[in-house]
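Here are the chains, one letter per residue:
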Amino acid sequence: MRSLIAYTDGACSGNPGPGGWGVVLQAKFGSDVTKQRELKGGSQETTNNRMELTAAISALEALSRHSTITVVTDSVYVKDGVTKWIFGWKKNGWKTAAKKPVKNEDLWKQLDAAQAQHAVTWVWVKGHAGHLENELADELARAGMAPFKG
């Protein structure tokens, strides 16, 4: 059976500061990787959470047609935000339970729109724990940040 998996990560030097994001996008048939694409980018002045969100958005926006995909992230912020918190934020006019504006609202809205185009399963993995694809996504994020570091 064919499956799509995106491993995403963000990085930041200082918070805020220069940052990067990385994505390892894999098509698999059974347990065999049949195709792999690597994406990366960065920003001069950003936060780690913004880069984590941008990685997930970039993975979903890289797909040219409706797909069933598993997005693997080491960010509890992204995983919980998109699977739990976003529903209340939308219902409350993009305010938190404490009636404060949602941080990174622009990216959450972009992620919500990107996710709506696909059937997405979200999976959290512990970062920097030797997970091969997560480590590669981290390397890509750091490479995406490199041009913006002084």
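Student: Before we move on, can you summarise unusual backbone geometry with the specific residues and values?
Tutor: For residues besides glycine, phi is generally negative; the peptide bonds are generally trans as well. Cis geometry marks the peptide bond from N15 to P16; its omega dihedral reads 20 degrees. With respect to the secondary-structure elements, P16 resides in the loop between strand 1 (2–12) and strand 2 (17–29). Although it is not a glycine, H128 adopts a positive phi angle of roughly 55 degrees. With respect to the secondary-structure elements, H128 resides in the loop between strand 5 (119–124) and helix 4 (132–145). Given a relative accessible area of 60%, H128 falls into the exposed group.

Student: Explain the nonpolar core to me, and be specific about the residues and the numbers.
Tutor: Grouped together as the largest cluster of nonpolar side chains are 30 residues, with contacts concentrated most on V23, L60, I69, W108, L111 and W122. Taken together, the elements giving at least two residues each to this core come down to strand 1, strand 2, helix 1 (48–61), strand 4 (68–73), helix 2 (76–91), helix 3 (105–116) and strand 5. By residue number, the principal contributor to this core is helix 1, which donates seven residues. Contact partners of V23, with chain neighbours within four places excluded, come to A6, Y7, T8, R37, E38, L39, A55, S58, A59 and L140.

Student: Please provide a residue-by-residue account of the pattern of salt bridges, values included.
Tutor: Should their charged atoms come close, side chains of opposite charge can pair. By the definition in use, this model includes five salt bridges. Of the charged contacts in the structure, one is a salt bridge between E105 and K109, with a shortest N-O distance of 2.7 Å. A residue pair is termed a helical-turn pair when its members lie 3 or 4 positions apart in one helix, as E105 and K109 do in helix 3 at four residues. The exposure class of E105 is partly exposed, given its relative accessible area of 25%. What makes K109 partly exposed here is its relative accessible area of 38%.

Student: Hey, could you go over the sheet that holds strand 4 for me, with residue numbers and the actual values?
Tutor: Taken together, five strands build an open sheet; the order of strands is 3-2-1-4-5 and the sheet is mixed. On the outer flanks of this sheet lie strand 3 (32–46) and strand 5, each paired with one strand and no other. Strand-to-strand, the axes of this sheet are offset by a mean angle of 20 degrees, without reference to chain direction. As defined by bridge partners, strand 1 adjoins strand 2 across eleven bridges and the pair is classed as antiparallel. Paired with I5 across the two strands is Q26, which belongs to strand 2. Sheet strands in contact with helix 4 are strand 1, strand 2 and strand 3, and its direction is about 140 degrees off that of strand 2.

Student: Run through helix 2, naming residues and quoting values.
Tutor: Along an α-helix, residues three or four apart share an orientation, since each turn contains 3.6 residues. If you check helix 2, its first and last C-alpha atoms are 22 Å apart, about what 16 residues at 1.5 Å a residue would give, namely 22 Å. At W85, helix 2 shows its strongest bend, of approximately 60 degrees. Listing the buried residues of helix 2 in full gives Y77, V78, D80, G81, V82, I86 and W89. Here the buried face of helix 2 lies against helix 1, strand 4, helix 3 and strand 5. Taken from the residues just after helix 2, G93 is the one with a positive phi, measuring 70 degrees.

Student: Which residues make up the side chain of E133, and what are the values?
Tutor: Among the secondary structure elements, E133 is positioned in helix 4. There is no salt bridge for the buried E133, and the closest opposite charge comes from K28, which lies 5.0 Å off by N-O distance. Not counting residues up to four positions away in its chain, the partners in contact with E133 are Y7, V24 and Q26.

What counts, and where the lines are drawn
- Residues numbered from 1 in each chain as written.
- Predicted model: local features only at pLDDT ≥ 70, side-chain atom pairs only at ≥ 80, totals over all residues.
- Heavy atoms only, no water.
- Helix = DSSP H or I, 4+ residues; strand = E, 2+ residues; numbered from the N terminus.
- Buried < 20%, exposed > 50% of the residue type's maximum accessible area, 1.4 Å probe, protein only.
- Core = buried A, V, L, I, M, F, W, Y, C linked by side-chain atoms within 4.5 Å.
- Contact = heavy atoms within 4.5 Å.
- Salt bridge = Lys/Arg side-chain N within 4 Å of Asp/Glu carboxyl O.
- Pairing = 2+ DSSP bridges.
- Axes fitted to C-alpha atoms, helices over the stretch in contact; angles between N-to-C directions.
- Expected span 1.5 Å × (residues − 1).
- Bend = angle between axes of the 7 residues up to and from the residue.
- Lys, Arg positive; Asp, Glu negative; His and termini not counted.

So yeah, pure geometry; function would need other evidence.
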